[in-house]
Amino acid sequence: MVADGTVAVESAPNPLKLKVGLQMLSEVRIGPFTEAHGLLARVLGNIVGGPTEDKFRRLKKSNAKIGALLAVSGVKALLTGVGFVEEGDFYVLPAELLAGGCEAALAGLQAQAAERAEAEIAAKAAAVEELRLKQAADADKRKLEKLQIEEDAEMRKQPGWRAKAAGVKGGRAIVTASDIGAAGSAGG
């Protein structure tokens, strides 16, 4: 990584493809990205750790895990940017290529994973804060309702209090059931 937080992709054999691959991977949903990141980190890390071992430089496309990896958007571009070439059923990193491209790709993947982790933490914090604000508003609403109920109970205790029909200007004393619309039918 460079001091400004960006990844130095210039050390890769095809920096443009590597940059495009990393950009495409950044747009992949979290589940496929996590799986691709884990496998790519292992593949590229093996190459960086053992740059002369041919077994790390050959990826068999018919392998189930490699096939699933290649299906993720951006992975083929990233591998091409690192220097892999297609040879039949394999993606092969030529022996003459150094591990610099793999190191740049690893740094880019790690930066993306860290960025996603930070974004997830920020999203969770925002959700917690939103929930806290909603709970505070609900608590205030409950306090107000409780206060109104207590005030109503106190008013009912006052001498001369009489029930009033709701929605009638000035209220009207409720004397019979018909005053609240609960009169029985007269026929039958």
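Residues numbered from 1 in each chain as written. Predicted model: local features only at pLDDT ≥ 70, side-chain atom pairs only at ≥ 80, totals over all residues. Heavy atoms only, no water.

Student: Would you explain the overall build of the chain in this entry?
Tutor: In terms of regular secondary structure, the chain is built from 5 helices and 3 strands. Listing every helix and strand of the chain by position from the N terminus yields α-α-β-α-α-β-β-α. Looking at the chain residue by residue over its 188 residues, the buried ones come to 27%. When contacts within the chain are restricted to residue pairs at least 6 apart in sequence, long-range pairs at least 24 apart make up 68% of them. With the model as given, the accessible surface of the chain reaches about 12500 Å², and the carbon-plus-sulfur share is 57%. (Helix = DSSP H or I, 4+ residues; strand = E, 2+ residues; numbered from the N terminus. Buried < 20%, exposed > 50% of the residue type's maximum accessible area, 1.4 Å probe, protein only. Contact = heavy atoms within 4.5 Å. Areas by Shrake-Rupley, 256 points an atom, 1.4 Å probe, with all protein chains shown as cover.)

Student: Whenever I open this one, the sheet that holds strand β1 (residues 58–60) confuses me. Can you help?
Tutor: In any sheet, the strands associate via hydrogen bonds between backbone groups, in a parallel or an antiparallel arrangement. Within the open sheet, the 3 strands sit side by side as β1-β3-β2. Their pairing is antiparallel. In this open sheet, the two strands that pair with only one neighbour each are β1 and β2 (85–87). Strand-to-strand twist of the sheet, defined as the mean angle between neighbouring strand axes without regard to direction, takes the value 30°. When β1 meets strand β3 (residues 90–92), the two strands line up antiparallel, connected through 3 bridges. (Pairing = 2+ DSSP bridges. Axes fitted to C-alpha atoms, helices over the stretch in contact; angles between N-to-C directions.)

Student: Explanation requested: the packing of aromatic side chains in the structure shown.
Tutor: We describe a pair of aromatic rings using the distance from one ring centre to the other and the angle between the two ring planes. With the rule as written, the count across this model stands at 0 aromatic pairs. The ring centre of Phe90 lies 4.2 Å from the NZ or CZ of Arg58, which sits over that ring. Above the plane of the ring of Phe33 lies Arg116, whose end atom (NZ or CZ) is 4.0 Å from the centre. (Phe/Tyr/Trp six-rings, centres within 6.5 Å; stacked < 30°, edge-to-face > 60°. Lys NZ or Arg CZ within 6 Å of the ring centre and 35° of its normal.)

Student: Whenever I open this one, the side chain of Arg57 confuses me. Can you help?
Tutor: Tracing the chain through its elements places Arg57 in the loop between α2 (30–49) and β1. Look at Arg57: it is buried, it has no salt bridge, and the nearest opposite charge is Asp54 at 5.2 Å. At 2.7 Å, the side chain of Arg57 and the backbone oxygen of Pro94 are in polar contact. Beyond its immediate sequence surroundings of up to four residues, Arg57 is in contact with Pro51, Phe84, Tyr91, Val92, Leu93, Pro94, Ala95 and Leu97. (Lys, Arg positive; Asp, Glu negative; His and termini not counted. Salt bridge = Lys/Arg side-chain N within 4 Å of Asp/Glu carboxyl O. Polar contact = N/O pair within 3.5 Å; in protein donor to acceptor, adjacent residues only side chain to side chain.)

Student: Sorry if this is basic, but what is going on with the pattern of salt bridges here?
Tutor: Between side chains of opposite charge, pairing is possible as soon as their charged atoms come close. Under the defined criterion, the tally for this structure stands at 7 salt bridges. In this structure, Lys55 and Glu53 form a salt bridge, with 3.9 Å as the shortest nitrogen-oxygen distance. Taking the relative accessible area as the measure of exposure, Lys55 reaches 60% and is therefore exposed. The shortest N-O distance in the salt bridge between Lys157 and Glu154 comes to 3.7 Å. Here Lys157 pairs with Glu154, and both are found in helix α5 (residues 100–157), just 3 residues apart, close to one helical turn.

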